[in-house]
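Fold and geometry: a report
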Amino acid sequence: MDKKDYIWLTRNTEIDNVCDCFEDCDTEPIIFKLFRASHLPQIRKIFADNRTALHRDKQDNCRLIVSDMTVSDFCDIALQHNSDLIYNDADGRIYYDPANRRKYQHFLRRNTPQTLSRLSPQRKLDILLSISKECYMSLHGKEQHEAALDRQADKLNALLQLPISPEFWENEQRKIRLIAADIAQIPQIKEKLEDFNTLNLPEQKKLLYKVASITAKYNRIKTPQFVLLTTEQLRQFQLDNWVEADAFALDKTLYICADKLKEQSGIRCLALAWHETNHIAMATGDYSRFPPVEDMLNPRLNYINGIEQSYIFHPQEKINYALENMFIAECAARTGVKKLGNTFAPAAEFDIAAQYIARSLQKKY
């Protein structure tokens, strides 16, 4: 396997073997879970000379089992390409240590934000994806890595100034119009939105699930699983303490805080369901028509969400907030709802996202 194919695997798959100890994994056929079902042709091409089997579950998650390659064999390939695999005994899973991570960390330390901002978009993405790290050999190593990223937030923000194609943006706007048009056809939608806070919880959940389903349809993904949480349950997910989350997406499940639904206007609550479903779409859907943007939306960049100064500069967040503003306006216009409400409205995020989109559309790869 050449290095290009190996790096593609580290950026677009997870190793899905689960074992009681690394020695047990060592002799098992390796299993790759794809972030995007649309990447199936590419991974089959990489393993064209191997014996493989495909498993696809109800949520359209694709797993490729390479019958004639063990985890140990793949570990040898990783070492050949200046990478490694890390076994985490806490969950029995195996994680990538990205290729060339130390080289790019050194490059990041010795260059200024101004220098980094002038790099090509692909070079920026190579750095951002290569310093991503999901598993650590020790708690001390984890704390060191995260502290270093916090200190270099200004450099990460320089790398995150990336262009998007006008064709991609036009396609996303078209989807918003289609989604809003379908929402406007929901029976009694105007009354439901204006009286949203008086609806009982099952009725609220039914409406939000419908919005998630419509959003999934136009993004050509399966409707995500939908879970309502209390504020206390939400805290148990150990989100960063600087985040006051109303909702979040994890894998292909949408979580919304039921307590927040009592405080926000109906149209803001619809926006929560749309926003998080769109996150799932961006991380798992088919963006092969827009290859550079697909790289920007890579789930391997999720570590940026944990850095307070960089969170809003994550490409997924900037794109999503800019589209959310359009979603709210489009839904209001099509349903005739006047009461938008401003509770928890992320005004700063909307402003930053709008400025980013305006600049990004003028840049080129």
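Let us look at the structure shown here. Note that this is a predicted model, so its numbers are computed, not measured.

1. Digging into the layout of surface pockets
Looking at the second largest pocket, its volume works out to about 490 Å³. Counting only elements with at least two residues in the lining of the second largest pocket, the list comes to helix 10 (166-184), helix 12 (201-219) and helix 14 (266-284). Per-element accounting of the lining of the second largest pocket gives the leading share, four residues, to helix 10. Its residues placed into classes, the lining of the second largest pocket shows nine nonpolar, seven polar and nine charged.

2. Some thoughts on the packing of helix 10 against helix 12
For any two helices packed against each other, one specifies the inter-axial angle together with the distance between the axes. Put simply, helix 10 and helix 12 touch, their axes get as near as 10 Å, and they point 145° apart. When you trace helix 10 past helix 12, the crossing you get is right-handed. Along its contact with helix 10, which presents Lys175, Leu178, Ile179, Asp182 and Ile183, the element helix 12 presents Val211, Ile214, Thr215, Lys217, Tyr218 and Asn219. Tallied by class, the residues present in the contact of helix 10 with helix 12 amount to six nonpolar, two polar and three charged.

3. As for empty space enclosed by the protein
Taken as a whole and judged by the stated rule, the model has one cavity of 30 Å³ or more. Roughly 120 Å³ of internal volume is contained in the largest cavity. What lines the largest cavity is simply Ile7, Thr10, Arg11, Tyr96, Pro98, Ala99, Leu129, Ser130, Ser132, Lys133, Glu134 and Arg300. Elements with a minimum of two residues in the lining of the largest cavity: helix 1 (3-12) and helix 7 (121-130). Class assignment of the residues belonging to the lining of the largest cavity gives a composition of five nonpolar, three polar and four charged.

Criteria and thresholds
Residues numbered from 1 in each chain as written. Predicted model: local features only at pLDDT ≥ 70, side-chain atom pairs only at ≥ 80, totals over all residues. Heavy atoms only, no water. 1 Å grid on protein atoms, 1.4 Å probe; cavity = no way out; pocket = protein on both sides within 12 Å on 5 of 7 lines; lining within 4 Å. Points joined across faces, edges and corners; volume = space filled by probe spheres on them. Helix = DSSP H or I, 4+ residues; strand = E, 2+ residues; numbered from the N terminus. Nonpolar A, V, L, I, M, F, W, Y, C, P; charged D, E, K, R; others polar. Axes fitted to C-alpha atoms, helices over the stretch in contact; angles between N-to-C directions. Left-handed = near helix turned anticlockwise from the far one by under 90°. Contact = heavy atoms within 4.5 Å.

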